[in-house]
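In case you want the letters, here they are:
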Amino acid sequence: MKQNAQPPLDAEMSTTAERFSRGFALAYTGLMRALEPPFAAIQKRVGIKGMAYVFVAPNMIIFSVFVALPMILNIWYALTGSNRLMIGERPFVGLDNFSALLDCKDYLDVNSCKQDRFWRAVHNSVLFVALQVTAMVALSLVTALILNGKLRARGFFRAVFFFPVLLSPVVVALIWKWILQRDGLLNAFLMDGGFERVAFLHDASWSFFWTVFVSVWAHMGFYALILLAGLQAIPADLYEAAEMDGTPKWRVFWRITVPLLLPTLLVVVILSLIRAVQAFDEIYVLTGGGPGTATQFIVQYIYETAFANQVHLLGLAAAASLLVAVVLMVLTLLQLRISYHGKTS
Amino acid sequence: MFKQLKTITGGLMALCMPVAAMMAAANTAKAADPTEVRIMWYSDGNEGDVMRDLLDRFEKQNPDIKVTLDRVPYKTVVEQLPALLDSGQGPDLARVTDLGGLSRHYLDLRPHLKNAKYFDDNFASSLPWFRPANGNKDGIYGVMSQLALTLPLVNTTLFQQAGIPLPGPKATWDDWAKASKAVADKVKAPYPMAFDRSGHRISGMSISMGGKFIDGDKPALVDAGFKSGMKNLVDWHANGTMSKALWGSVGGTAYRGATEEFANAQVVFYMSGTWQFTQFAKTVAKNFEWQAVANPCGPAACTGMPGGAALVPIKATKNPQAVARVVEYFASEPVYEEYHARTLFLPAHAGLAKKGINYVTDDANVKKSLAIAVEQVAQTSPIAFKFQGYEHNRILFNAMISRVNQAISGEMSLDDAYTRMQADIVEGFAAKGIKLQ
Amino acid sequence: MRPESDISMASLTLDTITKSFGQLEILHGIDLDIADGEFVVFVGPSGCGKSTLLRVIAGLEPATGGTIAIDGEDVTHHSAAARGLAMVFQSYALYPHMSVYDNLAFGLENMRMPKDQIAQRVNTAAQLLQIDKLLQRKPGQLSGGQRQRVAIGRAITRNPKIFLFDEPLSNLDAELRVQMRIELSKLHKDLKSTMIYVTHDQVEAMTMADKIVVLRDGRIEQIGKPLDLYNHPANKFVAGFIGSPRMNFISARVTQSSATRVSVSCGGMQDTALPVNGTGLAQGDMVSLGIRPEHLELDAAGDWTLTVDVVEQLGGTSFIHGTLPSNEALSIAVNGQTNVSHGQPIRIRPKPGMVHLFATTEGERALPPSSASV
């Protein structure tokens, strides 16, 4: 290789950037030299093939401590009883927790269930998931279609719909609580307009409606963004071909847009389904699960059973969370299958 | 493969060794510092500041002990402290309200105290509250940091504005409910009656109605008296005497007070307790007149629930001597008196109760209320004291508050709620290893 | 091929069509008449506006100004579908999720045509294009050439007044392109429909068109039959664009001018006398002399000298690329094979009557009659 003439190593001649990069290079070499002896020693012990495990080890340790271990612990908690935290103090009860959870005369009548709260939460969650996912997909699709069209200040509107996604769930809930509570903004407007005050958060149906509304409001931007990307991936000339074919607008939507958006749409459905099953934070702050248990969903049930009640029923909560995990696992597998399918076709 | 892994692990451990050695060295270096005593402490009012002030004085007198006051929200004490204690972690001392429920973690200070007799003489009525069922029969497992009593606080200005006289000292729950509703209707206050959303707060009324709660060491929640207490709550929510906006805004066993609403003069009658005095002295100030009133009467009694918080030593502490010195200092008559005088709490100290405490306040509302509170302690039903000292009372509190709320919101009938309460209690006891049926 | 009654042909008239995108004017007033059954090719370098013009005709882009009439009916403000045209896109724009059959039938379904009629039309078109075996496949399972046929088939089934092709062969490889070119020409003869075809490839234009429209910078440079454009380019641009290999251009100065003859000096060589017919050129005027490579021949007695740079032997034809004494490049195409080699000076001469003169003024018009002489 041809040697270029070395620039003078005079510190005064070099720019800050050069000095910085030289410093960085020096630090890097220093670090590498410092790491050399211990790693060489390890390699001497474990051999060159073993080094692979050494390098993977930090990640594996983090994974086992923060993912695998809690999962195993959760299974163990589910199989043991009492309110004790320490595993050694918990008596083994087999599947008692599961059978207690599933002890129902009629799964559609929560009052016939031994763990009526669990089943109330399940029923609420199922209804919530059905309504929320439907509303989420429909509204985010409409939003994406509008944002994909010729619109004034399109960038502005795209940002507006995405902003709630950036808010912390607690902030979202507090904002809406402030709007919806008894002396909130919305009631103030209603009363100014000569209407009666409405118990938005203390009437079971209203408060269920608002949990759906607020969670859709908070996350819709995310899904609209995914759908927007999907819409933009549809080649424009297909629409022109359809235009030349004299296709009516609604037919273009159902025969061109929807089929070509289907893989994206399915991902959105599955993602929002999983998120809806996990719904907790906004709702817990917004309604606390009330009134009564009208907006108590499955994750809140698990949390309260395990931690908020004075007697911590850890086993029951662990069993419930395993059941939810199974449901989520099925949904996730479904998503993987669909996205894999989408890629191959 | 496995052998290989073993060698790898060995190599990694060799790597970690110097780090461990350094940490060990750091630990030994610390030994020369003063002994640290950590207190987990929550506050309703100014008691944290007062305590810190008193502890500063203690540290000056005892340079070999350093007391760290970890101030936490009440929720932390309720939800996280039990887990910490179960795992053998936790502070050396804690301010708790679930006196019985956590008692198996407490330390008997008797062997470490200089003057245990002082405790026997002055704290006899409250010491059993936090004595574990299988503990030492004369053990000293802590000291009350606040004696509390549930009682109603009334916005007297609203009564004056409505032109309705305050019901007298022997007035019934029915009288108060009607009067509060009438006042609220007249002055357009949104909350005629408000209760803290807590099983403890609604227990006093049930005892007054004839509820017994326990039978020996077994729970006996549902009886005629209890039922009429619960029925009151459901009826009041139905007829607007109580607003669903308060209890309905949370679910489960979650606590929901009405302090803000009371301070905003939206509540006529607020069933809370003595611990609110300092707070209202600050938040209400001179905006309106309020006072504590005698607990309304039922057929059986006119009682509130005693309660309060205790400063309890934790068994896992490494420095029981230092902990004992901190507790002995706090419980000593002059310190204890100053603490209560400044926090406006009721003392659980027999000598001080007899002597009377010269409270540091010039708020007329507070002065009037404290006088009523002291009177009310004497009026408190023995059932209430017994129930308060019952180790498993929290299980009952939880069961009643969560289930009565479901009845109030219309999810289930009151009869179903009673059935569920009993099932919850069986479940809770079972988790503690006690079979009820 | 098709029943006589089905044939629908149409004429197209463009009157001062302009098209702007914002401030940018792409088409500057296009006037054009296309007769029934004509195969018209729009050709020009990229960015000349030929595709835009096609899209304006299709109705995919509204015209900024001017009128479009089909069979005398003003369709300027009609939607794309209402104009009754069909378009074959460069990317084919097949609906990827539909079978070939559904792709062909889609436009007919839009017209609510009965199912049996649709089947009949689709099958006729499929047989015509030899894609009848592929009807159940999805576009993703077809080769490039097959997709091209499907795209054309989709246009055919709609039985349009005019076919529009937007560079339809540019995504195919060279061999397939030649084959499809021939098939398209055949198709035009069979269908007898009016077709408008956009390409940047002058070979496609020359081979397929009844009429070529040469566009540059949003203006029509010349309209005419392929050989008319070859023989009589209206200006230097058309002369350079039509014909392969490209016409040579040499700058020249008029040394002598009379009513019937003009002499020019060019290439640093002695004067060349050309027969003309009233060019209005004066002595000393600068002109551009154009001569196609195939119109130069080797001749030891030739007046022009050339230093050979490169020789390309294709067997049947040979190209000699060289430099004139003036340092201008010049290419010659000779039939058969040649033995001239690099560095060798050779003598050449233009075939009589094959030299074009172009003005050096704006527009670089061809100067008659040299352009008229054959």
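These figures come from a predicted structure and were not determined experimentally.

> What is the right way to read the overall build of chain C from this model?
A tally of regular secondary structure across chain C gives eight helices and 20 strands. Counting only C-alpha atoms, chain C reaches 75 × 45 × 40 Å along its principal axes. The long-range share in chain C, meaning contacts at least 24 apart out of those at least 6 apart in sequence, stands at 65%. Carbon and sulfur atoms form 48% of the exposed surface of chain C, whose accessible area is close to 16,400 Å². Charge-centre separation for chain C: the mean point of 34 positive side chains lies 4 Å from the mean point of 39 negative side chains.

> Would you mind going over a nonpolar patch on the surface with me for this structure?
Residues and elements named next belong to chain A. Together, V56, M60, I61, I62, F63, V65, F66, V67 and M71 give the surface a local cluster of nonpolar side chains, amounting to about 850 Å² of exposed area. On the secondary structure map, V65 appears in helix 1 (residues 16-78). With relative accessibility at 42%, the residue V65 sits in the partly exposed group.

> How do you make sense of the domain arrangement of chain C when you look at a structure like this?
One widely used convention gives an interface's size as the accessible area the parts lose upon coming together. Residues and elements named next belong to chain C. Split by domain assignment, chain C resolves into domain 1 (4-240) and domain 2 (247-359). Look at where the C-alpha atoms of domain 1 and domain 2 centre, and you get two points 39 Å apart. In this complex, domain 1 contributes eight residues to the contact, which on the side of domain 2 involves eight residues. Linking domain 1 with domain 2 are zero salt bridges. Tallied by class, the residues present in the side of domain 1 that touches domain 2 amount to four nonpolar, three polar and one charged.

> I tried to follow the arrangement of the chains on my own but got confused; where do I start?
Ranking the two pairs of chains in contact by contact count places chains A and B at the top. When C-alpha atoms are compared, chain B and chain C, though not in contact, are closest at a spacing of 48 Å.

> Explain the state of the cysteines here, please?
Every disulfide links exactly two cysteines, by a covalent bond between their sulfur atoms. Under the counting rule described, the total for this entry stands at two disulfides over all chains. One disulfide bridge connects C104(A) with C113(A), the sulfur atoms lying 1.7 Å from each other. Around the S-S axis, the bridge from C104(A) to C113(A) shows a dihedral of about 105° and counts as right-handed. Look at C113(A) and you get buried, because its relative accessible area is 2%. In this model C297(B) forms its disulfide with C302(B); the gap between the sulfur atoms is 2.0 Å. Disulfide C297(B)-C302(B): the torsion about the S-S bond is 100°, which places it as right-handed. Overall, the relative accessible area of 7% leaves C297(B) in the buried class. Residue classification places C302(B) among the buried positions, given a relative accessible area of 17%.

> Explanation requested: the sheet that holds strand 8 (residues 194-199) of chain C in the structure shown.
In any sheet, the strands associate via hydrogen bonds between backbone groups, in a parallel or an antiparallel arrangement. Residue and element names in this part refer to chain C. Pairing is mixed across the open sheet formed by six strands, whose spatial order is 6-7-8-3-9-10. Only two strands of the sheet have a single partner each, and these edge strands are strand 6 (85-88) and strand 10 (219-224). Here the strands of the sheet are splayed against their neighbours by 20° on average, with no regard to which way each runs. Looking at chain direction, strand 6 and strand 7 (residues 162-166) are connected through four bridges and run parallel. If you follow M87 over to strand 7, its bridge partner there is L164. Each of strand 6 and strand 7 touches helix 4 (residues 144-157); the most contacted strand, strand 6, lies at about 175° to it.

Definitions and cut-offs
Residues numbered from 1 in each chain as written. Chains lettered and ligands numbered in written order. Predicted model: local features only at pLDDT ≥ 70, side-chain atom pairs only at ≥ 80, totals over all residues. Heavy atoms only, no water. Helix = DSSP H or I, 4+ residues; strand = E, 2+ residues; numbered from the N terminus. Contact = heavy atoms within 4.5 Å. Areas by Shrake-Rupley, 256 points an atom, 1.4 Å probe, with all protein chains shown as cover. Lys, Arg positive; Asp, Glu negative; His and termini not counted. Charge placed at Lys NZ, Arg CZ, Asp CG, Glu CD. Patch = residues over 30% accessible without salt bridge, like charges linked within 9 Å, V, L, I, M, F, W, Y side chains within 5 Å. Salt bridge = Lys/Arg side-chain N within 4 Å of Asp/Glu carboxyl O. Buried < 20%, exposed > 50% of the residue type's maximum accessible area, 1.4 Å probe, protein only. Domains from an automatic or database assignment. Nonpolar A, V, L, I, M, F, W, Y, C, P; charged D, E, K, R; others polar. Disulfide = S-S within 2.5 Å. Pairing = 2+ DSSP bridges. Axes fitted to C-alpha atoms, helices over the stretch in contact; angles between N-to-C directions.

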